[in-house]
Structures are given as structure tokens and as C-alpha cells.
Amino acid sequence: MGLFGLYTFLIILLVVLPPYQKYLLQNSIVNIHTWHQENHAATPIHWVLPKKAQVPLPSLAISLTSIEASPTTNIHLFASYKWVTEGDIYNVILDSGNNIIFSATCSWLEIPANHPVLRTGTYTMTEPLTLASSPRRILIQFSEPFIKKAKVALFLNGMDFDKRYNPRVNIHAVDETANGFTLILEAWWDTIVQSLGVTWVAYPEGTPGVTSGVVCTGSLRPWMAPQHYNAWYQSFVGEVAFLRTPRIFLGISSLDFLAGANLRVVAEVVNGPETNQYGFLWRANSWLDSVMYSTCMGYLAFDPEL
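Here's what I pulled together on the structure shown here.

**So, the overall build of the chain**
Link 1 in the chain: Counting its secondary structure elements, the chain contains one helix and 18 strands.
Link 2 in the chain: Evaluated residue by residue, the chain yields a buried proportion of 52% over its 306 residues.
Link 3 in the chain: Put simply, of all contacts in the chain between residues at least 6 apart along the chain, 80% involve residues at least 24 apart.
Link 4 in the chain: Of the roughly 14500 Å² of accessible surface on the chain, a fraction of 59% belongs to carbon and sulfur atoms.

Shown next as C-alpha cells:
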């Protein structure tokens, strides 16, 4: 090719190929409205990308992280995003419909479209889920297969529970392959789930620098002994060896609360010395008259340089 031809080829690659962008882990600590107001409107959170427009556009893995809902209306809350301009700005939206949500937060993880490891997608359930129709199995297929069997992390991005019965739901993935997985949706006893939104993040099993799983209040107490304050340590030992403290994307994946009282829960990673390359400390707390039987959270931990 010659030296001049090689230089020309490298310049073409730099100009034509889209730039590789690292993850942006962004937490929205924004209430739908002031907690004491009974406002039903959706609240868009205007977010400006810190870089120039990307083509193709990145995807957002989004999950609910806290909620305080009134027992007088159905528990309806969905988190989503919408591009406002051509890749420069998007809105993150927390939508409570015509129901009373005093406060809510969500987290999101921006994943470049050309990233070689992670992929994300969503599933929205529109047919009611009850004990009679549970468990429900949904086949999720990737747009392109992975080179090996996938590992999948799951999060709730939306929920709509009938206010008359305990809000209970659980999601998990089974039968993971390189081509997809089966999503399991479960409700029990008298619960009626009118609608549900699920976010999934998948990556090749055994990929260095990334791991995922589920943490639950059941690790420290039985469900029949509800309590407000729940914290536990999740170890990475035996899963993956991180060389530094990873970034951790965490969101609600399962709930079991008593109906008739406000549903209140905050799920979070505790930022401190306990969160490092060996594991992390998590919390799932409620307060006042809420009765939390159990809460589970999905997590995705990854090296910042992945």
C-alpha cells in the first residue's frame, strides 16, 4: 500500500467511524413534584448530552430507584426517555398518569450504540398479571447474537398495581443463550398488576470487568418480618476480579408491600469505603406507615474503562 496510502487509510478511519464513548452513569434525584402535593402530571427532566451528537444514537437503560405512592389511587409510575433534538438533548420522564405519586426517582445508564459489550432493551407488559396468569414467560431475542451465552440484568422501569391489593411483583431471566433469553413475570396471592415495564441489559457471560446479579432484603430477614431499614453487603469475590472500584447501576426489580398504606421505598448503593473493588453496600429503606415485606434490586457493576 505504501506509507502515503497507509496514512490516508488511517485518516479515513478516524473521520468515518463513530467515536467510541464511555458509559455515562447518571442519577436523577428529581421529585415528580413536592411530596405533599397531589399532582398527577408527568415531569420531564431536560438532560443535555455533554458531547456532540452521536450517530447512531445511544440507548438508555433506565430503572426506578425510589417511589412514594398514595394508597388512594392505583400505583402507577413509568420512567422513560425521549430525544428532543438530533442526538443533542433528551428528556427523562417520570409519568404518574392520573394517579397520586408523591415522589419518585430513576437512574439511567447511557450505552453507546457501537459498544462491543453491553446491549439494552425494554419490554412493556400490557395484559394484566395475576396469580392465575403467573408466571408469564416472554421470549426476548437480541437484534444480533452474542459470541457466547449472554448474562442478563433486569430492572423495573414502570409499574401499575391495583390499589385494592398488595403490590407484589418479581422478574427474572432464564434460558439465556447467545440469541436471547426468557423473561419471567410473577405475581402472587390477590395482586393485580395492570401493566409493567422491564429494562434488560445483556453482555457475554465471562466478560472481564463486568458482573451483575440481584440483591434482596431476604438476605437479612424473612419476608414475614417487615422492617423499614435494610442494608447488606454484596461481594464480587468469585464473580469477577475488579482492579478498581467499579461503577454500579442499581434499580428496583421486585416488590412486596402491604396495601392500604403508602408504598415508600428507596433503593441505593451506599457510597463509602464499603463499596470498592471487592463488593458494595446497598440499602432498601421505607418509612412511616409503609410495610415492606421484601424488595429486590438488580445491579450491573462494570469497570469504568470497560
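**Points about the state of the cysteines**
Link 1 in the chain: Throughout the structure, instances matching the rule amount to one disulfide.
Link 2 in the chain: C216 shares a disulfide with C296; S-S distance 2.0 Å. Taking the torsion about the sulfur-sulfur bond, which here is approximately 115°, the covalent link between C216 and C296 counts as right-handed. Taken together, the residues span a long stretch of sequence, with C216 in strand β13 (residues 210–216) and C296 in strand β18 (residues 292–302) at a distance of 80 residues. In this structure, C216 and C296 share a single accessibility class: buried.

**Overview of the environment of N179**
Link 1 in the chain: By secondary structure assignment, the location of N179 is in the loop between β10 (168–174) and β11 (180–186).
Link 2 in the chain: When the C-alpha positions of N179 and Q141 are compared, they lie 5.9 Å apart, and in sequence the two are 38 residues distant.
Link 3 in the chain: Setting aside residues up to four positions removed in sequence, N179 forms contacts with I140, Q141, F142 and P145.

**Looking at the pattern of salt bridges**
Link 1 in the chain: Summed over the entire model, instances satisfying the criterion amount to eight salt bridges.
Link 2 in the chain: R164 serves as the salt-bridge partner of D162, at 2.8 Å between the closest nitrogen and oxygen.
Link 3 in the chain: Residue classification places D162 among the buried positions, given a relative accessible area of 8%.
Link 4 in the chain: A salt bridge links E268 to R283, with the nearest nitrogen and oxygen atoms 2.9 Å apart. Taken together, the positions of E268 in strand β16 (residues 263–270) and R283 in strand β17 (residues 279–285) put the pair 15 residues apart, joining distant regions of the chain.
Link 5 in the chain: Look at E268 and you get partly exposed, because its relative accessible area is 29%.
Link 6 in the chain: Each of E68, R264 and D289 takes part in a single network of salt bridges with overlapping partners.

Analysis parameters
Residues numbered from 1 in each chain as written. Predicted model: local features only at pLDDT ≥ 70, side-chain atom pairs only at ≥ 80, totals over all residues. Heavy atoms only, no water. Helix = DSSP H or I, 4+ residues; strand = E, 2+ residues; numbered from the N terminus. Buried < 20%, exposed > 50% of the residue type's maximum accessible area, 1.4 Å probe, protein only. Contact = heavy atoms within 4.5 Å. Areas by Shrake-Rupley, 256 points an atom, 1.4 Å probe, with all protein chains shown as cover. Disulfide = S-S within 2.5 Å. Salt bridge = Lys/Arg side-chain N within 4 Å of Asp/Glu carboxyl O.

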